[in-house]
Amino acid sequence: MAAPLKQRLRYRIDNSLAGGTLSVVPWLGLASILLVVAIALVATLFGVRANGEKLGLIEAMWLNMLRTLDPGTMGGDVGWPFRIMSLIVTLGGIFIVSSLIGVIASTLDNKLTELRRGKSLVVETGHTLILGWSPKVFSIIKELEEANKNQRKPVIVILAPVDKLEMEELIASRAGSKLKTRIVCRSATPYEPDDIAIANPTEARSIIILNPGGDDGDAEVIKTVLAILSNELISRSAAIVTELGSAANIRSLQLATDERVIAVNSTEIIARITAQCSRQPGLSLVVRDLLDFEGDEIYFHHEPALEGRTFRESLLAFDGSTIIGLQLSDGTVAVAPPMDTRIGPDDRIIAISADDDTIRFSGIGDDTRDAMVARPRPPDPPEHALVMGWNHLTPTILHELDHYVPEGSTAVVVADRKLAGGPMNLPTGLKRLAVNIDPSESGYGAPLLASGDFKHVIITCYRDTLSDAQADARALLDLLHITTTAENLGLSLNVITELIDVRDVAIAPRASEDQFVVSEHLISLLMAQVSENAGLWPVLTDLLDPEGVEIYFEPVTIYTDIGNSVVYRDLVRAAAVRGEVAIGYRAPAESVHAGVHLNPPQGTVLTPGPDDSLIVLAEDSAT
C-alpha cells in the first residue's frame, strides 16, 4: 500500500535536508525569496503605504528584504498596516533568513577548519614531495633549500599523518622560518592512494618517502611505495627515494619495483661511515662535504675535448674541479677506473666541483715529464679499538670495521647491559678483528685506557632504549670521560661519536668537528642529494661500499718529501702512478675544518708537514 502523501513529502524533505549544505541552502534561499515576494504582493494588492507613500511591488520587495536582514530597520516605520507587514517579514527573517546565514557561516567555518587541517588539494607542479614524518625531515628541508637557491619559486610539499599546524610550527623552529623554498603541509595517511592524491604526486619532480621508525617503519614505507606506484601517471623521470632498515626488505622492494625505487639502507651506511671515520680523522668532514649542498658536490659533465683521451689525462684537464670517474654511454658508472681507460664520445666525466657551471676545461696538461716517484706504503700494524655503548648498529659497525683493519686487530666493547636493550650478540665470521665484551656492567670505558693500547675509540648511543635526547646526552657524557682521561694520561686518540641530533654537536665537550657521525643527519643529506640527482646513487654507493673504491687518507710522505714545497698538481700525478685519484689533502695543524681541503685548485703550492695526508680514491690502501 502506498504511503500517504504527507508522509511521502516529509520523507523527501528529510532526504533533501540530509544531503548537507548544498541541499539546505537552496531550500532556505527559496523560502526567503517566497517570504519577501509574498508579503510584497499582499502589500501591493492592499495598497499599504510606507511613510505616507503607496508601495509598488519592487519597492515593497526591497523594504521586506532589508527587514529580513536587519530587524532594527522597522523601528522608524509609520502606519499600522505597514508596521504589521514589517513585523511579519522580520519574524520570518529571524527564523528563515537567519538560518540561511547560519548555514553559510557554518560551511565557511568548516572549510577554514579543513584548510587548517591540511585536507585541500595541492595544485603545485615541479615540487619535491615528502611522504611521512621523522626527525630527518628538518635536515632534508634545509638541504633542499640550499639546492633550490638558483630555482624560481621552489616548493616542497609534505604529506604526513601529523596535524598541519604542528608540522608548520616544528618546521619553523627546526628548519627556519625565513626559507626561500615554500613549504606546503598536508595532513593525511601517506600510504592511502586517495590521500596521496591530495599532494599531486603526478606533477612532482622527486618523491622522498620517510621511514617513521619503530617495528612497523619498513612496512609503512613499503605500503607507501606500492601506493605511489599504483598510480600509472607518476612520471618515470621522478626520482623515488626512501629509507629502509632491513637489507632483505630492500632487495624485495627492488625486485618488486624493477629497481624503480632507490632504497637507502640506513643501518649499513651509518655503520660503514662510522667504521671508516673511526680509523681516519677528517673523513667524516669529507663525507659530509660530498653529501651536503654547501661547498663542493658531485656533478656529471660532458666534455667533447676529452674524446679519445685517457682517464689519467682528464685528471689534469680541469684546474678548478676534481675528476673522480666516468659515466659511460650505457649509463654505468666507473669511479676511479683504470688510468688508461679511453673516454668515448658519449661518456661523461664525474667531477667534484663547487657548482655545475664551474667545471671548465683548461686544456690537456703536459704529462710527458715524470711524476714524483710514489714510495711503497709501509704495512699498518694491528690496531686496537675501544667501543662504548650498544645499539642495533653496533654489530654492523664491528663487521664493517673488520673490512678495514690490519690482521691481528682487536676491539673491546664496553656497554651498560641494562641500556643495551637485550643480548649483545657479536657478529660472526670476522677475519681480521677479534672482539671481546668487557665483563663489567658499568658501561664506562675510560678506565680501560690506562691499561690498553687503544688508538681508536667509537662511542655509540643507546638509541634502542633511550629517547634521542637521552641517548645523545649519554654519548656526550661518555665522550667527556674519554677526552678527560686521555688528556690526563697524555694519550693521542682518534675518537668518533655517533649522535642522532645534529644540534647536539654544538654542545660537545672540547671536541673537534671531525669527531662526529650524526647518523640521522647524514642519511638526510644522502636522501636529499639522490632526490635531486638519481644518477649520484651508484657513485655514492661505490664510495661507501667496502668492496669498491673508497676514500683513504694516505701519508703525504708516500708521494713527496717533508718540508719541500710542492704543487698540488704534482701530487695528483704521483697518486695517478699508484692508480689512485687524489681529491684533496689534510693538514691537521690547521684549525679551520680540521685542516681538510677538498677539491683544491691544482696550482695550490703546499709545504707538507709530517702529519699531513693526501686524500685519495683507491680500492685498497695497503699498496
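Not measured: the values here are computed from a predicted model.

Novice: I keep staring at the overall build of the protein and nothing clicks. Help me out?
Specialist: Scanning the protein for helices and strands turns up 18 helices and 24 strands. Classification of the 623 residues of the protein by burial places 50% in the buried group. Put simply, 76% of the contacts in the protein that link residues at least 6 apart link residues at least 24 apart. For the protein, the exposed area adds up to about 29200 Å²; of that, 55% sits on carbon and sulfur atoms.

Novice: Sorry, what's going on with the pattern of salt bridges here?
Specialist: Two side chains bearing opposite charge may form a pair once their charged atoms approach each other closely. One pass over the structure, following the stated rule, counts 17 salt bridges. Linking Glu-313 and Arg-309 is a salt bridge whose minimum nitrogen-to-oxygen distance equals 3.2 Å. Residue Arg-309 is classed as partly exposed on the basis of its relative accessible area of 34%. Here Arg-573 ties to Asp-570 by a salt bridge, and the two come within 3.4 Å at their closest N and O atoms. One end of the pair, Arg-573, and the other, Asp-570, are both in helix α18 (residues 568-577), three residues apart, so they sit about a helical turn from each other. No difference in accessibility class separates Arg-573 from Asp-570, as the two residues are buried. A cluster of three or more residues bridged by salt bridges with shared partners is formed by Lys-136, Glu-243, Arg-463, Glu-498 and Glu-520.

Novice: I tried to follow the side chain of Ser-321 on my own but got confused; where do I start?
Specialist: Take Ser-321: it is sitting in the loop between α12 (311-314) and β10 (322-327). For Ser-321, the side chain forms a polar contact with the side chain of Ser-353, separated by 2.9 Å. A polar atom in the side chain of Ser-321 sits 3.5 Å from the backbone oxygen of Thr-358. Sequence-distant contacts of Ser-321, that is, excluding residues within four places in its chain, are made with Ala-351, Ile-352, Ser-353, Thr-358, Ile-359, Asn-599 and Gln-602.

Novice: Looking at this structure, how should I read the nonpolar core?
Specialist: Nonpolar side chains tend to gather and get buried jointly when the protein is soluble and globular. By size, the foremost hydrophobic cluster in this structure holds 116 residues, and its most contacted members are Val-286, Ile-298, Ile-583 and Leu-617. When residues in this core are grouped by element, the largest group, seven residues, is from helix α16 (residues 519-532). Those residues in contact with Ile-298 that lie beyond four places of it in its chain are Leu-290, Ile-324, Ile-350, Ala-351, Ile-352, Leu-536, Val-539, Leu-540 and Leu-543. Grouped together as the second largest cluster of nonpolar side chains are 25 residues, Ala-188, Ile-198, Ile-228 and Leu-253 included.

Novice: It is not clear to me how the pairing of strand β6 (residues 206-209) should be interpreted in this structure. Could you clarify?
Specialist: The side chains of a regular strand alternate between both faces of the sheet. Because side chains alternate across β6, one face comprises the buried residues Ser-206 and Ile-208, and the other comprises Ile-207 and Ile-209, equally buried. Summarising the sheet, strand β3 (residues 128-131) and β6 pair through four bridges and their orientation is parallel. Counted as the bridge partner of Leu-131 is Ile-209 from β6. In this structure, β6 lies alongside strand β7 (residues 239-244), joined through four bridges in parallel fashion.

Novice: How do you make sense of the sheet that holds strand β9 (residues 297-301) when you look at a structure like this?
Specialist: Two modes of strand pairing occur in sheets, parallel and antiparallel, and in both the strands are linked by backbone hydrogen bonds. The antiparallel open sheet is built from four strands, whose spatial order is β9-β12-β10-β11. Strand pairing shows two members of the sheet lacking a second neighbour, β9 and β11 (333-335), which therefore form its edges. Strand-to-strand twist of the sheet, defined as the mean angle between neighbouring strand axes without regard to direction, takes the value 30°. As paired elements, β10 and strand β12 (residues 348-353) share five bridges and run antiparallel to each other. Directly across from Gln-327, in β12, lies its bridge partner Arg-348.

Novice: Help me out: how do you make sense of the side chain of Glu-550 in this one?
Specialist: Looking at the element boundaries, Glu-550 is found in strand β19 (residues 550-555). Of the side chains bearing the opposite charge, Arg-279 lies closest to the buried Glu-550, which forms no salt bridge; the N-O distance is 7.5 Å. Only 3.3 Å separates the side chain of Glu-550 from the side chain of Tyr-552, close enough to count as a polar contact. In this view, Glu-550 contacts Tyr-404, Leu-543, Asp-545, Val-616, Leu-617, Ala-618 and Glu-619; residues no more than four positions away in its chain are not counted.

Novice: Would you mind going over the environment of Thr-465 with me for this structure?
Specialist: Within the secondary structure, Thr-465 is located in the loop between β16 (456-459) and α15 (468-489). When the C-alpha positions of Thr-465 and Lys-418 are compared, they lie 9.0 Å apart, and in sequence the two are 47 residues distant. Not counting the four nearest positions on each side in its chain, Thr-465 is found in contact with Leu-419, Ala-420 and Gly-421. Looking at Thr-465, its side chain comes within polar contact range of the main-chain oxygen of Leu-419, at 2.7 Å.

Novice: Any chance you could explain helix α9 (residues 247-256) here in plain terms?
Specialist: In an α-helix, one full turn covers 3.6 residues, which means residues spaced three or four apart are oriented alike. Sitting at the head of α9, Ser-246 places a side-chain oxygen 3.3 Å from the backbone nitrogen of Ala-248. Positioned one or two residues after α9, Asp-258 has a phi angle of 55°, which is positive.

Novice: Just to check I follow, could you spell out empty space enclosed by the protein for this structure?
Specialist: Where empty space is left in the structure can be found by rolling a water-sized probe over the atoms. Counted by the stated rule, this structure contains five cavities of 30 Å³ or more. In this model, the largest cavity occupies a volume close to 110 Å³. Looking at the lining of the largest cavity, the elements that each hand over two or more residues are α10 (266-279), α11 (283-291) and α17 (536-544). Top element by residues in the lining of the largest cavity is α11. It accounts for four residues. The residue inventory of the lining of the largest cavity, partitioned by class, reads ten nonpolar, one polar and no charged. Its boundaries defined by the atoms lining it, the second largest cavity holds a volume of some 40 Å³. Lining the second largest cavity, in full, are Leu-315, Ser-321, Thr-322, Ile-323, Tyr-568, Val-572, Val-581, Ala-582 and Gln-602. Residues belonging to the lining of the second largest cavity are distributed by class as follows: six nonpolar, three polar and no charged.

Novice: When you look at the packing of aromatic side chains in this model, what are you seeing that I'm missing?
Specialist: Working definition: an aromatic ring pair is given by the centre-to-centre distance plus the angle between the planes. For the structure on display, the rule yields three aromatic pairs. Ring centres of Trp-133 and Phe-138 lie 5.7 Å apart, and the angle between their planes is 90°; on these two criteria the pair is classed as edge-to-face. Note on accessibility: Trp-133 and Phe-138 belong to one class, buried. With a centroid separation of 6.3 Å and 50° between ring planes, the pair formed by Tyr-568 and Tyr-585 is classed as tilted. On the criterion of sequence distance, the pair formed by Tyr-568 in helix α18 and Tyr-585 in strand β21 (residues 581-586) is long-range, its members being 17 residues apart. Of the residues examined, Tyr-568 reaches a relative accessible area of 1% and is grouped as buried. Given the relative accessible area of 12%, Tyr-585 is considered buried. The positively charged end of Lys-223 is found above the aromatic ring belonging to Tyr-191, 4.1 Å away from the centroid.

Conventions we followed
- The written sequence of each chain sets the order in which its residues are numbered from 1.
- Reporting of local features is limited, given that this is a predicted model, to residues whose pLDDT is at least 70; pairs of side-chain atoms are given and counted only at 80 or more, and all residues count toward the totals for whole chains, interfaces and linings.
- For the side-chain quantities, the full set of heavy atoms in the structure was used; hydrogens and water were omitted.
- Starting at the N terminus, helices and strands are each numbered in turn, a helix being any DSSP run of H or I of at least four residues and a strand any DSSP run of E of at least two.
- Classification of residues uses two cut-offs on accessible area relative to the type maximum, computed with a 1.4 Å probe and protein chains only: under 20% is buried, over 50% is exposed, and between them is partly exposed.
- Note on contacts: a residue pair is in contact if any heavy atoms of the two residues lie within 4.5 Å.
- Only the protein chains shown count as cover for residues, and the accessible areas themselves come from Shrake-Rupley with a 1.4 Å probe.
- Salt bridges are identified by distance alone: a Lys or Arg side-chain nitrogen within 4 Å of an Asp or Glu carboxyl oxygen.
- Here a polar contact means two N or O atoms within 3.5 Å. Within protein one must be a hydrogen donor candidate and the other an acceptor candidate, and residues neighboring in sequence count only if both atoms are side-chain atoms.
- In these notes, a set of buried Ala, Val, Leu, Ile, Met, Phe, Trp, Tyr and Cys residues joined through side-chain atoms within 4.5 Å is what counts as a nonpolar core.
- DSSP bridges decide pairing: two strands pair if at least two such bridges lie between them.
- Only the stretch in contact is used when fitting a helix axis, every axis being a line fitted to C-alpha atoms; angles between N-to-C directions are given from 0 to 180 degrees.
- Here Asp and Glu are counted as negative and Lys and Arg as positive; His is not counted, and neither are the chain ends.
- Using a grid of 1 Å spacing that covers the protein atoms alone, one calls a set of points a cavity when a 1.4 Å probe fits there but cannot get out, and a pocket when the set is open and has protein on both sides within 12 Å along at least five of seven lines; lining residues are those with an atom within 4 Å of a point.
- Grid points are joined across faces, edges and corners, and a volume is the space filled by probe spheres set on the points.
- Ten residue types, Ala, Val, Leu, Ile, Met, Phe, Trp, Tyr, Cys and Pro, are classed as nonpolar, four, Asp, Glu, Lys and Arg, as charged, and the remainder, Gly among them, as polar.
- Each Phe, Tyr or Trp ring (for Trp, its six-membered ring) is paired with any other whose centre lies within 6.5 Å, and the angle between the two planes then decides the class: stacked below 30 degrees, edge-to-face above 60, tilted in between.
- Here, a charge over a ring is recorded when the distance from Lys NZ or Arg CZ to the ring centre is within 6 Å and its angle to the ring normal is within 35 degrees.

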